[in-house]
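Listed below are the residues making up each chain.
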Amino acid sequence: MTDAFLLCRSCGLLQPLRTPGPWPEPDPEAAAELGAFRAAHATHGVQAAERLDERGLTDLPLWDPMATRWFRIRAGSEILAVRSWRTHVDEPRCYSLESDGLPGVAACVEVDERLLRRALDRDFYPHAIRTAQLDGFVTAVREMLAPLDPDTVETSFDDAALPDAEIGPFPVALQAPLIERCAILFDAWELERVRGFVRSHAQEDGALAVRVRRVLTHRAA
């Protein structure tokens, strides 16, 4: 990830500054691009800028080379928003200032409810679990996650299938309250099965793993 740039305020354009890597020789293509940028904007008064150490935004999964990304930089005493994109997979990324700031975002904390239903049903096999019990369990999980602040939820890794989505364990503080809510849905022996299910599926690779999603509500103009 590029974290240092040259910024031309007159044109609102940026050029990445490649920092030295593990290879003995610099990338000649990157060096040529940087040289061309310096030459084109030499009379405009370029300045150095650094990317802020915070999560950016993207409209496609991070691995997608065609994803448009938004992030913030510090240039002198100013904090500025930047959009990064490319017009073709073989072309270098373009970087420009966004005068209207970062896009709007709606964030939420959720679980994969279809996966959760299947896993709980399978956990009870060969005993049958009633549809009302499945519905009640999933509803309880959904309602307990809804008021959480997404920025405070612990996550472990990015969700490769979705843009701006991260996966993490089901919050420890909610596990006992979830089981308590299930007491009205399940018999005593069933509740013990639910307790074991919560304990074994609460990690980031379990059926109760949470997904923190940030969905773009509008793009900066």
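The written sequence of each chain sets the order in which its residues are numbered from 1. pLDDT decides what is reported in this predicted model: residues at 70 or higher carry local features, side-chain atom pairs at 80 or more are listed and counted, and totals for whole chains, interfaces and linings draw on all residues regardless. Excluded from the side-chain calculation are hydrogens and water; included are all heavy atoms of the structure.

**So, the side chain of serine 96**
Every helix listed is a DSSP run of H or I at least four residues long, and every strand listed is a run of E at least two residues long, numbered separately from the N terminus. For serine 96, the location among the structural elements is in strand 7 (residues 94–97). When a residue's accessible area, from a 1.4 Å probe over protein chains only, is under 20% of the maximum for its type it is buried; when over 50% it is exposed; and in between it is partly exposed. Assessed through its relative accessible area of 10%, serine 96 is described here as buried. Contacts of serine 96, omitting those with residues within four sequence positions, involve Gly12, Leu13, Leu14, Ala81, Val82, Arg83 and Trp85. Should any heavy atoms of two residues lie within 4.5 Å, those residues are considered in contact.

**Overview of the pairing of strand 2 (residues 13–16)**
The pairing criterion is simple: DSSP has to find at least two bridges between the two strands. Note that strand 1 (residues 4–8) and strand 2 share 4 bridges and pair antiparallel. Bridge assignment links leucine 7 to a residue of strand 2, and that residue is leucine 14. Where strand 1 hands over to strand 2, the hairpin turn is made up of 4 residues, of which glycine 12 adopts a positive phi near 70 degrees. Summarising the sheet, strand 2 and strand 7 pair through 2 bridges and their orientation is antiparallel. Residue pairing across strands places leucine 13 opposite serine 96, the latter belonging to strand 7.

**Concerning the nonpolar core**
Generally speaking, soluble globular proteins have nonpolar side chains that are buried together. Residues Leu116, Phe137, Val141, Phe170 and Leu178 are the most contacted members of the largest nonpolar core, which totals 30 residues. Contributions of two or more residues to this core are made by strand 8 (104–111), helix 2 (113–124), helix 3 (131–145), helix 4 (172–182), helix 5 (188–201) and strand 11 (210–218). Top element by residues in this core is helix 3. It accounts for 7 residues. When sequence neighbours within four positions are dropped, the list of residues in contact with leucine 178 reads Phe137, Ala140, Val141, Met144, Phe170 and Val198. The next biggest cluster of nonpolar side chains, apart from the first, holds 10 residues, and it includes Phe5, Leu7, Leu14 and Leu80. The criterion is simple. A nonpolar core is a set of buried Ala, Val, Leu, Ile, Met, Phe, Trp, Tyr and Cys residues joined through side-chain atoms within 4.5 Å.

**Looking at helix 1 (residues 28–40)**
For a helix, the expected span equals 1.5 Å multiplied by the residue count minus one. The first and last C-alpha atoms of helix 1 sit 18 Å apart over 13 residues, in line with the 18 Å expected at 1.5 Å per residue. Within helix 1 the residues assigned to the buried category are Ala30, Leu34 and Phe37. Across the axial projection of helix 1, the buried residues extend over an arc of 60 degrees, all falling on one side. Along helix 1, the residues that are exposed and aim more than 90 degrees away from the buried face are Pro28, Glu29 and Ala39. Elements in contact with the buried residues of helix 1: strand 1 and strand 2. Note that the arc is computed from the directions linking the helix axis to the C-beta atoms.

**Description of helix 2**
The α-helix winds at 3.6 residues per turn, so residues separated by three or four positions along the chain end up facing the same way. In this model helix 2 runs 17 Å from its N-terminal to its C-terminal C-alpha over 12 residues, within 8% of the 16 Å that 1.5 Å per residue would give. What helix 2 keeps buried is the set Leu116, Ala119, Leu120 and Phe124. Angularly, the buried residues of helix 2 cover 130 degrees about the axis, an arc narrow enough to put them on a single face. Turned more than 90 degrees away from the buried face of helix 2, the exposed residues are Arg114 and Arg122. Its buried side turned inward, helix 2 meets strand 8, helix 3 and helix 5.

**Side note on the state of the cysteines**
By definition, disulfides here are pairs of cysteine sulfur atoms that lie within 2.5 Å. Using the criterion set out here, one finds 0 disulfides in the structure. There is no disulfide at cysteine 11, and the cysteine sulfur nearest it, in cysteine 8, is 3.7 Å away.

**Digging into the pattern of salt bridges**
Put simply, a salt bridge is a Lys or Arg side-chain nitrogen that is within 4 Å of an Asp or Glu carboxyl oxygen. As enumerated under the stated definition, the model contains 15 salt bridges in all. Aspartate 164 is the partner of arginine 55 in a salt bridge, and the nearest nitrogen-oxygen pair spans 4.0 Å. Of this pair, arginine 55 sits in the loop between strand 3 (47–51) and strand 4 (57–58) while aspartate 164 sits in the loop between strand 9 (157–158) and strand 10 (165–168), placing them 109 residues apart in sequence. Taking the relative accessible area as the measure of exposure, arginine 55 reaches 35% and is therefore partly exposed.

**Topic: unusual backbone geometry**
In the segment running from tyrosine 125 into proline 126, the intervening peptide bond is cis, with an omega of 10 degrees. Residue position: proline 126 is located in the loop between helix 2 and helix 3. With a phi angle near 45 degrees, aspartate 164 is a residue other than glycine that sits in the positive phi range. Relative accessible area serves as the criterion here: at 2%, aspartate 164 is assigned to the buried category.

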